[in-house]
Amino acid sequence: MGRTAPAGQCPPTLVRFAEAACAALAEKWPKITFASRDGYFDAEPSSVDNRRLLATIDAFEPDVIFVGMGMPRQELWISRNRSAIRRGVIFSVGAAFDYEAGVQAAAPRWMGRIGLEWLFRLASQPRRLAHRYLIEPWRLLRPALRDLATARSNSSDPSFRKPAVDRGSVWPVSSAN
């Protein structure tokens, strides 16, 4: 048995989808208690909405907290609030609730296996995702190249040590039971 608290997903006008996602998950895992909250609130750490959500999470005492508010909002919320959450493992899950509720179609498995899920999502929601998938990555090119150049120059410096691989910490694989 466990307790799971999703924070995020659909806007308040679509709360029935949040409830549908919880119902679908509860049907799959009947021994787990689910609770949900839409992700449309003032997420500033000092806001009344945010403090109220943290109090609700605290009272629920979840084992797992799924946060699906969209990128980068969910990652920022987790980073700013994880120290205030006394219990539960926190997962950033993006649109997982929308998939569970049937609000958004998931990419075909074959597209995910070959790394093209982003293309399916882009074709499904071009207005929302075009900038994220087609423009933002180019902004990262210069910092990535700078990091590579720094790593390369440091690798020739004798005081720079490459991390050692501790092969003893790898669990041995055994076919015997």
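For clarity, every value in this text was computed on a predicted model and none was experimentally measured.

Visitor: Can you walk me through the overall build of the chain in this structure?
Guide: Along its length, the chain carries 8 helices and 4 strands. The helix and strand sequence of the chain, counted from the amino end, reads β-α-β-α-β-α-β-α-α-α-α-α. For the chain, the proportion of its 177 residues judged to be buried stands at 25%. Partitioning the intrachain contacts of the chain with sequence separation of at least 6 by distance along the chain shows that 64% fall at a separation of at least 24. Element-wise, carbon and sulfur atoms account for 58% of the exposed surface of the chain, whose accessible area totals about 12700 Å².

Visitor: Looking at this structure, I do not really get the nonpolar core. What am I missing?
Guide: Ranked by size, the top nonpolar core spans 11 residues in total: Phe41, Ala43, Leu53, Leu54, Ile57, Ile65, Val67, Met69, Trp77, Ile78 and Ile85. Contributing elements (two or more residues each) for this core: α2 (48-60), β3 (64-68) and α3 (73-81). Considering every element that reaches this core, the biggest residue donor is α2, with 3 residues.

Rules used throughout
- Residues numbered from 1 in each chain as written.
- Predicted model: local features only at pLDDT ≥ 70, side-chain atom pairs only at ≥ 80, totals over all residues.
- Heavy atoms only, no water.
- Helix = DSSP H or I, 4+ residues; strand = E, 2+ residues; numbered from the N terminus.
- Buried < 20%, exposed > 50% of the residue type's maximum accessible area, 1.4 Å probe, protein only.
- Contact = heavy atoms within 4.5 Å.
- Areas by Shrake-Rupley, 256 points an atom, 1.4 Å probe, with all protein chains shown as cover.
- Core = buried A, V, L, I, M, F, W, Y, C linked by side-chain atoms within 4.5 Å.

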